[in-house]
Amino acid sequence: MPWIVGVSGASGTPYAAAVLRALLAGGESVDLVVSRASRLTLLDETGIAFRDAHWRDDLREWLARGADGKPGAFDVDAGLDGVRYWNAGDLAAGPSSGSYPAKGMLIVPASTACVAGVALGLSKDLLQRAASVTLKERRRLVVAVRETPLNGQTLRHLVALDDAGASVVPASPAFYAGATHIQDLVDFVAGRVLDAAGVAHGLYRRWRGELGGASAPRDT
């Protein structure tokens, strides 16, 4: 069964790329939903135009790019066969139904508009509908909200998602893992998203209860 990965219009497309790479590297299947707003963000942050007719080529270019914008930083060709793409406007798509088999859903990054839509059950596009289905079927839903500061309305929506069973994972990088590059900070957030979903990965060094670990050589 696949993981559904929804990419909303919040800033933070490198987070989504890191999650997707880790899922595919771990042998997971992915159903990908890219919102209309996220295409604008992706174009602004990477210069990549995500096109329905050429989604595989555009996805390959996106996932190969490092968090610093360097093209060709990752080799991703081998894993793309595990991706199935659904247009965000296709409300008849597989993930729109509870009978469609899926392990759960990861929304990364999640905009405040996306958070509100899911919390209120609006289902205005496939991303929101798939999230609503995930909740009603009692599957894992991880929402990586990327916004600051957060107003009261958004905080109430996040509490509603938590009450409904979702895991709310703010895109907040930590530094105890010994980050030396922007990619390390991105991978930390992506790793915490995968932790919340119960997916094994090796994206960051875990805390072991010993001070000074950030300066120690990284595990290989």
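As shown above, the structure is provided for reference.
The model shown is predicted, which means the values in this text are computed figures rather than measured ones.

Here we look at the overall build of the protein
The number of helices and strands found in the protein is 7 helices and 6 strands. Going from N to C terminus, the protein has its helices and strands arranged as β-α-β-α-α-β-β-α-α-β-α-β-α. Since a compact globule built from 220 residues should have a radius of gyration of about 17 Å, the 17 Å found for the protein is in line with a globular shape. Projected onto its principal axes, the C-alpha positions of the protein cover 50 × 40 × 30 Å.

Some thoughts on the sheet that holds strand β1 (residues 3–7)
Read from one edge to the other, the open sheet built from 6 strands follows the order β3-β2-β1-β4-β5-β6, with strand pairing classed as parallel. Strands at the two margins of the open sheet, each flanked by one partner only, are β3 (83–87) and β6 (167–168). Of the pairings in the sheet, the one linking β1 to strand β2 (residues 30–34) comprises 5 bridges and is parallel in character. Within β2, the position partnered with Val-5 by the bridge is Leu-32. Across the sheet, helix α3 (residues 55–64) is in contact with β1, β2 and β3; its angle to β3 comes to roughly 115 degrees. Along the sheet, helix α7 (residues 182–197) contacts β1, β4 (104–110), β5 (140–145) and β6; its crossing angle with β5, the most-contacted strand, is approximately 160 degrees.

Some remarks on helix α2 (residues 36–46)
Along α2, the residues that are buried comprise Ser-38, Arg-39, Thr-41, Leu-42 and Thr-46. End-on, the buried residues of α2 take up no more than an arc of 165 degrees, which puts them together on one face. In α2, the exposed positions that point more than 90 degrees away from the buried face belong to Arg-36, Leu-40 and Asp-44. On the buried face of α2, the contacting elements are β1, α1 (13–25), β2, α3 and β3. Looking one or two residues beyond α2, the residue adopting positive phi is Gly-47, at roughly 80 degrees.

Some thoughts on unusual backbone geometry
Going from Val-108 to Pro-109, the amide bond is cis rather than trans, its omega being -10 degrees. If you trace the backbone, Pro-109 turns up in strand β4. Pro-149 follows Thr-148 through a cis peptide bond whose omega is -10 degrees. Structurally, the position occupied by Pro-149 is in the loop between β5 and α6 (152–163). Not every positive phi belongs to a glycine, and Ser-123 is a case in point at roughly 50 degrees. Residue placement: Ser-123 occurs in the loop between α4 (112–120) and α5 (126–136). Of note, the phi angle at Arg-138 is positive, near 60 degrees, even though the residue is not glycine. Here Arg-138 falls in the exposed class, since its relative accessible area comes to 70%.

Concerning the packing of aromatic side chains
One pass over the full model with this rule turns up 7 aromatic pairs. Through successive ring pairs, a cluster of aromatic residues spans Phe-50, Trp-55, Trp-62 and Tyr-85. The cationic tip of Arg-21 hangs over the ring face of Phe-74; the distance from NZ or CZ to the ring centre is 3.8 Å.

Some details on the side chain of His-201
By the secondary structure assignment, His-201 is in the segment after α7. Here Asp-195 takes part through its side chain, which lies 2.8 Å from a polar atom of the side chain of His-201. His-201 has contacts with Gly-191, Leu-194, Asp-195 and Arg-206, leaving out every residue within four places of it along the chain.

Reading guide: rules and limits
Residues numbered from 1 in each chain as written. Predicted model: local features only at pLDDT ≥ 70, side-chain atom pairs only at ≥ 80, totals over all residues. Heavy atoms only, no water. Helix = DSSP H or I, 4+ residues; strand = E, 2+ residues; numbered from the N terminus. Rg over C-alpha atoms; globule rule 2.2 N^0.38 Å. Pairing = 2+ DSSP bridges. Contact = heavy atoms within 4.5 Å. Axes fitted to C-alpha atoms, helices over the stretch in contact; angles between N-to-C directions. Buried < 20%, exposed > 50% of the residue type's maximum accessible area, 1.4 Å probe, protein only. Arc of directions from axis to C-beta. Phe/Tyr/Trp six-rings, centres within 6.5 Å; stacked < 30°, edge-to-face > 60°. Lys NZ or Arg CZ within 6 Å of the ring centre and 35° of its normal. Polar contact = N/O pair within 3.5 Å; in protein donor to acceptor, adjacent residues only side chain to side chain.

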